[in-house]
Amino acid sequence: MIYFWRYIYGFLGLILLTLVLAIASLPDAKLHLVACDVGQGDAILAVNRDTQVLIDGGADKKVLDCLSRHMPFWDREIEMVILTHPEDDHYGGLIDVFRNYKVTNFLVNAVDSDKNGYQVLKKLVEESGAQVANPTSETSVRMGKLYLDIVWPSEGKIGEENNSGRTNVLGAFTTKKDLNTFSVVVNLNFGNFDALLPGDIGPDVIGDILAGGEIHDVEYLKIPHHGSKNGLTPALLAASTPEIAVISVGQKNRYGHPNKEILDLLKEKEVKILRTDEVGDIEVLTDGRSWKIE
Amino acid sequence: MKYAGWLFLCLLLIFRLVTYNPGFQEGQKIRIRAKITSDPIKYSFYQSFWLAGLKLSLPAYPEVSYGDLVVVEGRVEGKELKEATLVSQEKRAGYLVKLREKLLNIYKKSLPQPHASLLAGVVLGVKSGIPDWFWQALKKSGTAHVVVASGMNVSLVASFLVSFLVLIISRQKAIPFALAGIWIYAAICGMDAPIIRAAIMGSIAFSAQAVGRITYAWKGLFLSAMVMLFIKPVWFGDIGFILSFTATASILAFEPKVKKIFAFLPQFIRGSWATALAAQLGVAPILFLTFGQYSLWSPLINTLVAWTIAPMTVIAGLAGIIGLAWPALGKVLVYLAYPLTYFFIGMVNFFSR
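### A look at the overall build of chain A
On a plain count of helices and strands, chain A comes out with 9 helices and 15 strands. On C-alpha atoms alone, chain A measures out to a radius of gyration of 20 Å, which is about the 19 Å that the 2.2 N^0.38 rule sets for 294 residues. A burial count over chain A gives 59% of its 294 residues as buried. Counting contacts in chain A only where the partners sit at least 6 residues apart, residues at least 24 apart contribute 68% of the total. For chain A, the accessible surface area stands at approximately 12,900 Å², while carbon and sulfur atoms represent 52% of it. On chain A, the mean spot of the 29 positive side-chain charges and the mean spot of the 42 negative ones are 5 Å from each other.

Given below as structure tokens:
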């Protein structure tokens, strides 16, 4: 009988402890914008209350550690995942995300990739039951106080290539052009706080994007293409006038990212630079009025 | 005459080891067709696993998994197959492999990493989902053995089955079912050295119960070592195999003495401390000689976290079985293991910094 009661008390104790830990991890009302430290690659997580938006997943399962650090343990659902373009340093980790989490909406670049990993992701998404849509500059999403406005690719840009007539699927069409030029560009807005998340776009298309007139002053800029020379241009910096520039990049990566010219350009404009290879996860907190770096 | 049987077995084993020829020559290009019998370890850009006694690495995709029938080509270099390429792959997911996938999914969909993979490791010895940083932390703190399915798991499975079955049938008749349970469990875990050793020892212990004899732990240990080496001579000299036996042998040899020396400790920690220290007495020199590193904190941290392992295994095991029939309830039960994994992971992180 003594043993019986010992098990009952142990069981009740665990229930109590689980509740305490669950309550301690309840989210606040602020927006947490986290550039995950995923090595060489991109993964940006926006959290507001129990809503999460994940933009790209890095190259591998490191993104799961970032999600563990910034989501309560009982929340196993990511409301929206966005894939800017099908390159493995952006989609690789999404394979693990779809295996470990329930994803409600998947906003995915329409361009296909014949890489083995991308085919694995396609199959997983199909089985997962996530709502799939291909974003264009006409797309905008509202989730509570969080607004996502897609700036690129334009319908014209997609129309040039997509002869398949298929939309809202993974890999609607294939292209021989540089995948980066199709990269999804997101304007994220929360109260007075704006962030521009331009994936891997580069000089080839930045002119066209600016011509669309949707790039405006922001507080936060994710530097396109991990700080590659084939990324940020002075024109994009002048149009977005950020206060902080976040570079998602791996230590001693073989591409030599970030490029010195890009760093010099930012220093010249006195933009504060934060790099994931130097500080790990970069978390910006905002209530929609003021913001700070955690 | 008492030892004639053992002498005969020893001679038989020596004969087997001496005449064993893996059939590969150094530098030889070979093609292997075999079933993958343990979990491939996944890295960012490649995956590695053992096939026919050789270790090989393949690109991360297409993924291969436990139970697949694969054909690979490569060049033999020591115990490795270099420049390996995948020629063909057949998914041969039998019922047990599917069952194991379902169990792992219950943990993955209920808790974040590394909590989910810690439970998968504790219950089934599955290491494939463990993040690299956590695996390093486990090794550094000397606690990696908890994510190996071994003796405790086998005796939990067997006693669980027996205590259920005695409600319907007699204890004598329940034993064969318990033995079947042990081996089905070992197959679900993947046939690694520690689980096979534990399954053989468990089988000997439970069969001895059935015929009414007292079990002899030492005999069981030696007999299982011999059986394993006889079937798989490639394990001779394998570090995992040696560690698994040394740990069990040193617990058998030293635990009672260590317990006596530390008689002044309060009872609730004395047991764990004695087991941890006794195991380390044998294992530490091997670890140090092989890997050149050893954490002196290891017995202490093992004592601190030891109490969480049994409840973790029981809760996650039950949650898995219940979750197969009723996923929502399984998930709620997995949550109850969270305070335990939270404590365990916190301790391991603290001691491996």
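Now that the structure is up, let's keep going.
### Considerations on the state of the cysteines
Residues and elements named next belong to chain A. Applying the stated criterion to the full structure yields 1 disulfide over all chains. Across a sulfur-sulfur distance of 2.0 Å, Cys36 and Cys66 are joined as a disulfide pair. The disulfide joining Cys36 to Cys66 has a torsion of about -70° about its S-S bond and is therefore left-handed. With a gap of 30 residues between them, Cys36 in the loop between strand S1 (31–35) and strand S2 (44–48) and Cys66 in helix H2 (residues 62–70) connect regions that are remote in the sequence.

### A closer look at the packing of helix H2 (residues 95–108) of chain B against helix H6 (residues 171–189) of chain B
All names here are of chain B. Relative orientation of the contacting elements H2 and H6 amounts to 70°, with a least axis distance of 9 Å. In terms of orientation, H2 and H6 fall into the roughly perpendicular class. Viewed along their axes, H2 and H6 form a crossing whose handedness is right-handed. Facing H2, whose interface residues are Leu96, Leu99 and Arg100, H6 presents Ile184, Ala187, Ile188 and Cys189. Of the residues belonging to the contact of H2 with H6, the class tally is 6 nonpolar, no polar and 1 charged.

### Observations regarding the interface of chain A and chain B
Taken residue by residue, the interface counts 23 residues in chain A and 26 residues in chain B. The junction of chain A with chain B conceals about 2,100 Å² of combined surface from both sides, 60% of it contributed by carbon and sulfur atoms. Our count for the contact surface shared by chain A and chain B stands at 1 salt bridge. Inspection of the region where chain A meets chain B yields 9 residue pairs in polar contact (both at pLDDT 80 or more). Within the residue set of the side of chain A that touches chain B, elements represented by two or more residues are helix H1 (2–24), H2, helix H3 (88–100) and helix H4 (116–128) of chain A. A total of 6 residues in the side of chain A that touches chain B trace back to one element, the largest contributor, which is H1 of chain A. Looking at side-chain class alone, the side of chain A that touches chain B contains 13 nonpolar, 5 polar and 5 charged residues.

### Some thoughts on unusual backbone geometry
Following Tyr61 of chain B, the chain continues into Pro62 of chain B via a peptide bond in cis, with omega recorded as 0°. Within the secondary structure, Pro62 of chain B is located in the loop between strand S4 (54–59) and strand S5 (69–77). Pro114 of chain B follows Gln113 of chain B through a cis peptide bond whose omega is 0°. As for its placement among the helices and strands, Pro114 of chain B is situated in the loop between H2 and helix H3 (115–124). Even without being glycine, Asp56 of chain A reaches a positive phi, approximately 70°. Relative to the assigned elements, Asp56 of chain A resides in the loop between strand S3 (51–55) and H2. Positive phi values are uncommon outside glycine, yet His225 of chain A reaches one of about 55°. Within the secondary structure, His225 of chain A sits in the loop between strand S11 (220–222) and helix H7 (234–240). Under the relative-accessibility criterion, His225 of chain A is labelled buried at 12%.

### Structural notes on helix H6 (residues 203–211) of chain A
Given 3.6 residues per helical turn, the α-helix brings residues three or four places apart onto the same face. Residues and elements named next belong to chain A. Of the positions making up H6, those classed as buried are Val205, Ile206 and Ile209. Down the axis of H6, the smallest arc covering the buried residues is 120°, so these residues share one side. Pointing more than 90 degrees away from the buried face of H6 are the exposed residues Asp204 and Ala211. The inward-facing, buried residues of H6 abut strand S8 (146–152), helix H5 (155–161), strand S9 (185–190) and H7. Immediately beyond the C-terminal end of H6, within one or two residues, lies Gly213, with a positive phi of roughly 75°.

### Some details on the environment of Thr174 of chain A
Residues and elements named next belong to chain A. With respect to the helices and strands, the residue Thr174 is situated in the loop between H5 and S9. Separated by 61 residues in the primary sequence, Thr174 and Ser113 have C-alpha atoms spaced 7.0 Å apart. Beyond its immediate stretch of four places on either side in the chain, Thr174 contacts Asp112 and Glu161.

### Some points on the packing of H2 of chain B against H3 of chain B
Residues and elements named next belong to chain B. Where H2 contacts H3, the axes come no closer than 8 Å and their chain directions differ by 145°. Where H2 crosses over H3, the two elements pack in a sense that is right-handed. Contacts between H2 and H3 involve Leu103, Leu104, Tyr107 and Lys108 from the first element and Ala116, Leu119, Ala120, Val123 and Leu124 from the second. Grouping the amino acids of the contact of H2 with H3 by side-chain chemistry returns 8 nonpolar, no polar and 1 charged.

### Examining the sheet that holds strand S3 (residues 46–51) of chain B
Residues and elements named next belong to chain B. Taken in spatial order, the 6 strands make up an open sheet running S1-S5-S6-S4-S3-S2, and their pairing is mixed. Edge positions in the sheet fall to strand S1 (29–35) and strand S2 (41–42), since each of these pairs with one other strand and no more. Note: S1 against S5, 7 bridges, orientation antiparallel. Across the sheet, Lys29 pairs through a bridge with Arg75, a residue of S5.

### Points about the environment of Ser65 of chain B
All names here are of chain B. Mapped onto the elements of the fold, Ser65 is located in the loop between S4 and S5. Each C-alpha atom of the pair Ser65 and Phe49 lies 9.4 Å from the other, and the pair is 16 residues apart in sequence. Look past the residues within four positions of Ser65 in its chain and what remains in contact with it is Ile36, Pro40 and Lys91. Within the structure, the side chain of Ser65 is placed 3.3 Å from the side chain of Lys91, a separation counted as a polar contact.

Reading the values: the criteria
- Numbering of residues starts from 1 in every chain and runs along the sequence as written.
- Lettering for chains starts from A, numbering for ligands starts from 1, and both go in the order in which the items are written.
- Only residues with pLDDT of at least 70 are given local features in this predicted model, and only at 80 or more are side-chain atom pairs given and counted; all residues enter the totals for whole chains, interfaces and linings.
- Water and hydrogen atoms play no part in the side-chain values, which are based on all heavy atoms of the structure.
- Where helices and strands are cited, they refer to DSSP runs of H or I of at least four residues and of E of at least two residues respectively, numbered from the N terminus.
- For the radius of gyration, the atom set is restricted to C-alpha positions; the globular benchmark scales as 2.2 Å times the number of residues to the power 0.38.
- Burial here depends on accessible area, computed with a 1.4 Å probe over protein chains only, as a share of the maximum for the residue type. Under 20% is buried, over 50% is exposed, and the range in between is partly exposed.
- We call two residues in contact whenever any of their non-hydrogen atoms come within 4.5 Å of each other.
- Each accessible area value is a Shrake-Rupley result obtained with a 1.4 Å probe; residue values ignore everything except the protein chains displayed when judging cover.
- Charge convention: Lys and Arg are scored as positive, Asp and Glu as negative, and His as well as the terminal groups of each chain are ignored.
- Taken as the charge centre is NZ of Lys, CZ of Arg, CG of Asp or CD of Glu, depending on the residue.
- In what follows, a disulfide is any cysteine sulfur pair within 2.5 Å.
- Think of each axis as a best-fit line through the C-alpha atoms, taken over the contacting stretch in the case of a helix, with angles from 0 to 180 degrees between the N-to-C directions.
- Geometric relationships in this document are graded by angle, where less than 35 degrees denotes roughly parallel, more than 145 denotes roughly antiparallel, 65 to 115 denotes roughly perpendicular, and other angles denote oblique.
- Two helices that cross are described as forming a left-handed crossing if the nearer one is turned anticlockwise from the farther one by less than a right angle, and a right-handed crossing if clockwise.
- When residue character is reported, Ala, Val, Leu, Ile, Met, Phe, Trp, Tyr, Cys and Pro are called nonpolar, Asp, Glu, Lys and Arg charged, and the others, Gly included, polar.
- Accessible area that two parts lose when put together, evaluated with a 1.4 Å probe and summed over both, is termed the buried area.
- We define a salt bridge as a contact between a side-chain nitrogen of Lys or Arg and a carboxyl oxygen of Asp or Glu at a distance within 4 Å.
- Polar contacts, as used here, are pairs of N or O atoms within 3.5 Å; protein pairs need one atom able to donate a hydrogen and one able to accept it. Residues neighboring in sequence count only if both atoms are side-chain atoms.
- Note: the arc covers the axis-to-C-beta directions of the helix.
- Strand pairing follows a simple DSSP-based rule, namely that at least 2 bridges must link the two strands.

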